[in-house]
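The primary structure of each chain is shown beneath.
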Amino acid sequence: MVRPKKRSTTTSAAAKPELRRPSTAERSAYFARREAAKVLRTVLNGDSNRRAVGSIKSLVYSPSIRNKKGTFALVCQTLKHLPIIKDILDSASILNGKWKRQGELMYIITYDILFGQAASLVGDAEKFLLLRKDALQSGLAQHLVRKGVKNIKDLMALQQISDISKPRYVRVNTLKFDLESALHELGKQNTLISAKYVVHKDDMVPDLLLLPHAVDLHNHPLVRNGSVFMQGKASSMAAVALQPEPGWEVLDACAAPGNKTVHLAALMRGKGKIIACELNKERIQRLNDTVKLAGAVNVDVLHYDFLNLNPKDPSYSKVRAILLDPSCSGSGTAAVRLDHLLPSHGAGNADVANIDRLRKLQAFQKKALAHALSFPAVERVVYSTCSIHQIENEDVIKAILPLAKSLGFQLATPFPKWPRRGLPVLEGSEHLLRFDPDEDKEGFFISLFVRKSIIGNDAEMPVRPGRRRITSEALCAEKCCCREKKPTNKYGFAMFLPSPFIKMSKIWLHPRLRVQKKDRCNQIQ
Ligand SMILES: C[S@@+](CC[C@H](N)C(=O)[O-])C[C@H]1O[C@@H](n2cnc3c(N)ncnc32)[C@H](O)[C@@H]1O
């Protein structure tokens, strides 16, 4: 890394301005630009490979970034202006091989020279671009002409980049703090911004507080000591929908970073047991940290593949509720993650690679939901995603519903007063809950399965927890999400039933359960 030059002993009058010791502001701006370039490189690489390693926010708020606020602003602003910056650098052929390899740093500095803090520019890369400032400025003037606008303000308006004014929610961690004290503390005069936050209680989710969107609480003492968690409304609804009772055994199937795990612990008032299962080794540390920060003593972190947990293992025989918040496309949080700033935005979201990815995610989601429903004592299962795609939401429920029904589950209605429900593509979609990215500033999906002893019309006999009645529809759903499709006979039944099912001899040949061959698998496509 080329650092700002230290004071030199030379006495040459011409060299003096170049070699003076950089001021604190210049040094801090120098490092902020390097930190921003590092984040920008990760973001742009992830975007071009369609494999984001983290959102802009999560990258900026990682411990390695010192000047978080400055870095975040610089990355966002550079991204907003990136098409213009690239056009100017390309058309003026300013970058040679050496500086091309540091493209992200060049973008950041160009942003600063043309649109930002050109005052504190020290460093070799900065010097290189400052020497070409005239070329950059005339490139900008030509760009404005090409776009048919008079000034930068009009140019930005043309790009129609809207700021996402998502309200800021915090969930009070009742394991450590109480709602009224949090309301009081957060409402106090804030010395940093010399203003009071206006804090409201959420009208639907207990222990959730609402603040203005501009409020930055990352460094607030209550956040740092785990008294409150920065958690959105939709995400906070998932654990509440599960309604775990104090003393229950609960499984959080896909747990890291653990926001919902510790919410479950708070709802259970620290009584009972939560098994927090997580596959990803790196994310286990985050999960452990969240659990520790929240003071959740009844959480057992398990580094394991949820799909390989054996529901018949006595360790899980008392699990009464499962929260399944599996990996998903994250499309519902795209706005919050500032994906609209990325070059790929608007480049055809539904491209082939994306659809392929969604199908793979859906295959996992269906397997995981079928697996969650197979735990013998489970009474309540929440399936949630932060995706807006039907394929990861309603389609998953539709595919698994026959199996769920055969096991004695029904869809129940979490938060009946919430106005936005599931897309009407399956019977019972009114039970499903959706957050809309336009109306609610984020997309989210929650479904709740509750085990009843009588299954509506399809069943004359009660199904006790732990016992399953297998219908042909259920078999279809289970096979199609876990195995290859099997050939069916003219009645629509599988001709090659998996041997354990035959051994169980529990396939009830009730005429109602025979589904038409043509209808059998369409719900899982
Ligand atoms: C959407 S995130 C969960 C967020 C979490 N519920 C929260 O609120 O903080 C999904 C998590 O599931 C994990 N995961 C994916 N496949 C898994 C599997 N087969 N078993 C356990 N965890 C898995 C991912 O590593 C990821 O951490």
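Residues numbered from 1 in each chain as written. Predicted model: local features only at pLDDT ≥ 70, side-chain atom pairs only at ≥ 80, totals over all residues. Heavy atoms only, no water.

J.: So, the sheet that holds strand β4 (residues 200-201): which residues are in play, and what are the values?
T.: Sheet architecture is open: four strands sit in the order β4-β5-β1-β6, paired in antiparallel fashion. Across the chains shown, the open sheet's two edge strands, defined by having one partner strand only, are β4 and β6 (228-229). Pairing geometry for β4 and strand β5 (residues 208-211), over two bridges, is antiparallel. Paired with lysine 201 across the two strands is leucine 209, which belongs to β5. Helix α13 (residues 259-267) rests against β1 (168-172) and β6 of the sheet, and its axis sits at about 45° to β1. (Pairing = 2+ DSSP bridges. Helix = DSSP H or I, 4+ residues; strand = E, 2+ residues; numbered from the N terminus. Contact = heavy atoms within 4.5 Å. Axes fitted to C-alpha atoms, helices over the stretch in contact; angles between N-to-C directions.)

J.: An account of the packing of α13 against helix α14 (residues 281-294) is requested, with residue identities and associated values reported.
T.: Close contact between α13 and α14 brings their axes to 9 Å; oriented N to C, the two are set at 30°. On the basis of their axis angle, the class for α13 and α14 is roughly parallel. Crossing of α13 over α14 shows right-handed handedness. Here Asn259, Thr261 and Val262 of α13 lie close against α14, whose contacting residues are Leu287, Thr290, Val291 and Ala294. Class assignment for the residues of the contact of α13 with α14 results in four nonpolar, three polar and no charged. (Parallel < 35°, antiparallel > 145°, perpendicular 65-115°, else oblique. Left-handed = near helix turned anticlockwise from the far one by under 90°. Nonpolar A, V, L, I, M, F, W, Y, C, P; charged D, E, K, R; others polar.)

J.: Describe the side chain of serine 227, naming the residues involved and giving the relevant values.
T.: One can find serine 227 in the loop between α11 (221-224) and β6. Serine 227 has contacts with Arg171, Val172, Asn173, Lys176, Phe177 and Leu222, leaving out every residue within four places of it along the chain.

J.: Explain the pattern of salt bridges to me, and be specific about the residues and the numbers.
T.: Taken as a whole and assessed by the stated rule, the structure comprises 13 salt bridges. Here the salt bridges share partners, and the residues they tie into one network are Arg33, Arg34, Asp112 and Glu126. (Salt bridge = Lys/Arg side-chain N within 4 Å of Asp/Glu carboxyl O.)

J.: Break down the site of the ligand for me, citing the residues and quoting the values.
T.: In the neighbourhood of the ligand, 19 residues make up the surrounding shell, with Lys260, Glu278, Arg283, Asp305 and Asp325 lying closest. Leucine 279 is positioned with one of its backbone polar atoms (N or O) 3.2 Å from a nitrogen atom of the ligand. Bound to the protein, the ligand loses 89% of the 610 Å² it would expose on its own. Here the shell around the ligand is composed, by residue class, of ten nonpolar, four polar and five charged. (Near = heavy atom within 4 Å. Polar contact = N/O pair within 3.5 Å; in protein donor to acceptor, adjacent residues only side chain to side chain. Areas by Shrake-Rupley, 256 points an atom, 1.4 Å probe, with all protein chains shown as cover.)

J.: I'd love a proper account of helix α12 (residues 233-242), names of residues and values included.
T.: Within α12, ten of the ten residues are buried, which leaves it mostly tucked inside the rest of the structure. Looking at α12, one finds that the buried residues are Lys233, Ala234, Ser235, Ser236, Met237, Ala238, Ala239, Val240, Ala241 and Leu242. With its phi angle positive at about 50°, glutamine 243 sits one or two positions after the end of α12. (Buried < 20%, exposed > 50% of the residue type's maximum accessible area, 1.4 Å probe, protein only.)

J.: Give me the environment of phenylalanine 306: which residues, what numbers.
T.: Tracing the backbone through its elements, the reader meets phenylalanine 306 in the loop between β9 (299-303) and β10 (319-324). With relative accessibility at 3%, the residue phenylalanine 306 sits in the buried group. The sequence separation of phenylalanine 306 and alanine 253 amounts to 53 residues, and the corresponding C-alpha distance is 5.9 Å. For phenylalanine 306, the contacting residues outside a window of four places in its chain are Leu251, Ala253, Cys277, Leu324, Ala368, His371, Ala372 and Phe375.

J.: Run through the pairing of β10, naming residues and quoting values.
T.: Buried residues dominate β10, accounting for five of its six residues. Across four bridges, strand β7 (residues 249-252) lies against β10 in parallel orientation. Its bridge partner lying in β10, glutamate 249 is registered against valine 319. In this structure, β10 lies alongside strand β11 (residues 380-385), joined through four bridges in parallel fashion. Within β11, the position partnered with leucine 324 by the bridge is tyrosine 383.

So, to be careful, I would describe these as geometric facts and stop short of saying anything about function.
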